[in-house]
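Structural overview for review
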Amino acid sequence: MSEANVTQVPFWKRTLFSSILIEKSRAQKLAYAGVAAALCIVSNIFEFKFATVQFSFTVFTSILAGILIGPLLGFAAVFIGDGVGYLANSMGYPYYWWVALSCATMALIAGLVMNLFRFRFKGCGYVKLAVICALTLLICSVLINSLGMYFIGLKLYMPGSVKEAIETRFGGEFNFGIYLLIRFFLLGQIYNSLFNYALLFIIVPALNAVKPLKLDIR
């Protein structure tokens, strides 16, 4: 869609839907959302381990969904995809709804940043990707996901003896700050996040160059 045509579209529509979907019918929008949800389901099923770090593609697919179909449908598609993905690959763990909320919020943030901020300088797409990565890491990974795991998840499966061992190892009471250090650096969540963000910087500019998609990350 040209810049002139974009400005003629209502602000709410430009905000909620990506450049790919803004001219699509309701049925087409739902079809795209279904594809995004399916992508999230697949990313929840397939994981791989390198050394002691568990890698997945959920951060990448969640943010990509928000960029491709916008914040509203992206949020819904990722939340539903995460739930179905859990049913397909629960690995015996309880359902962590805050993880689904965290991933869905990544799509929301990605879609809003892409739709609300439009620039015209060289490399502006990379700047927007960097902003998305910083916001999703802080709001979704550090706050929503980690807070949910700390206050709810740990009570579901971490024995008291493990907490006592951690307190002895680090000194003082086991708190949220210590948990963040363990989760991101000892368990390697930060490396998984960086891996997914690197994929975004590789894949999204490549998709932007595919003209039939009409993806505009400026």
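All of the points below concern the structure found in this document.

Reading the values: the criteria
Residues numbered from 1 in each chain as written. Predicted model: local features only at pLDDT ≥ 70, side-chain atom pairs only at ≥ 80, totals over all residues. Heavy atoms only, no water. Core = buried A, V, L, I, M, F, W, Y, C linked by side-chain atoms within 4.5 Å. Buried < 20%, exposed > 50% of the residue type's maximum accessible area, 1.4 Å probe, protein only. Helix = DSSP H or I, 4+ residues; strand = E, 2+ residues; numbered from the N terminus. Axes fitted to C-alpha atoms, helices over the stretch in contact; angles between N-to-C directions. Parallel < 35°, antiparallel > 145°, perpendicular 65-115°, else oblique. Left-handed = near helix turned anticlockwise from the far one by under 90°. Contact = heavy atoms within 4.5 Å. Nonpolar A, V, L, I, M, F, W, Y, C, P; charged D, E, K, R; others polar. Phe/Tyr/Trp six-rings, centres within 6.5 Å; stacked < 30°, edge-to-face > 60°.

1. Topic: the nonpolar core
Among the nonpolar cores identified, the biggest contains 51 residues, and Ile-63, Ile-67 and Phe-174 are the most heavily contacted of them. When contributions to this core are tallied by element, the ones reaching two or more residues are helix H3 (26–45), helix H4 (58–69), helix H5 (71–88), helix H6 (97–116), helix H7 (124–157), helix H9 (176–186) and helix H10 (189–208). Ranked by residue count, the leading element in this core is H6, at ten residues.

2. Considerations on the packing of H7 against H10
The angle between the axes and the distance between the axes are what describe a pair of packed helices. The geometry of H7 relative to H10 is characterised by a closest axis approach of 11 Å and an angle of 155° between their N-to-C directions. With respect to each other, H7 and H10 are oriented roughly antiparallel. Considering how the two elements wind past one another, H7 and H10 form a crossing that is right-handed. Taken together, the residues of H10 that come into contact with H7 (itself represented by Tyr-126, Leu-129, Ala-130, Cys-133, Thr-136, Leu-137 and Ser-141) are Ile-190, Ser-193, Tyr-197, Leu-200, Phe-201, Val-204 and Pro-205. Considered class by class, the residues forming the contact of H7 with H10 number eleven nonpolar, three polar and no charged.

3. Regarding the packing of aromatic side chains
Applying the stated criterion across every chain, the model contains ten aromatic pairs. A ring pair is formed by Phe-75 and Phe-79, whose centres lie 6.3 Å apart and whose planes are at 10°; its orientation type is stacked. Linking Phe-75 with Phe-79, this pair stays in helix H5, spanning four residues, or about one helical turn. Owing to a relative accessible area of 28%, Phe-75 belongs among the partly exposed residues under this scheme. Note on Phe-79: relative accessible area 34%, which makes it partly exposed. Centre to centre, the rings of Tyr-126 and Phe-201 are 6.2 Å apart; their planes meet at 15°, and the pair counts as stacked.

Such coordinate-based values are descriptive only and should not be taken to indicate function.
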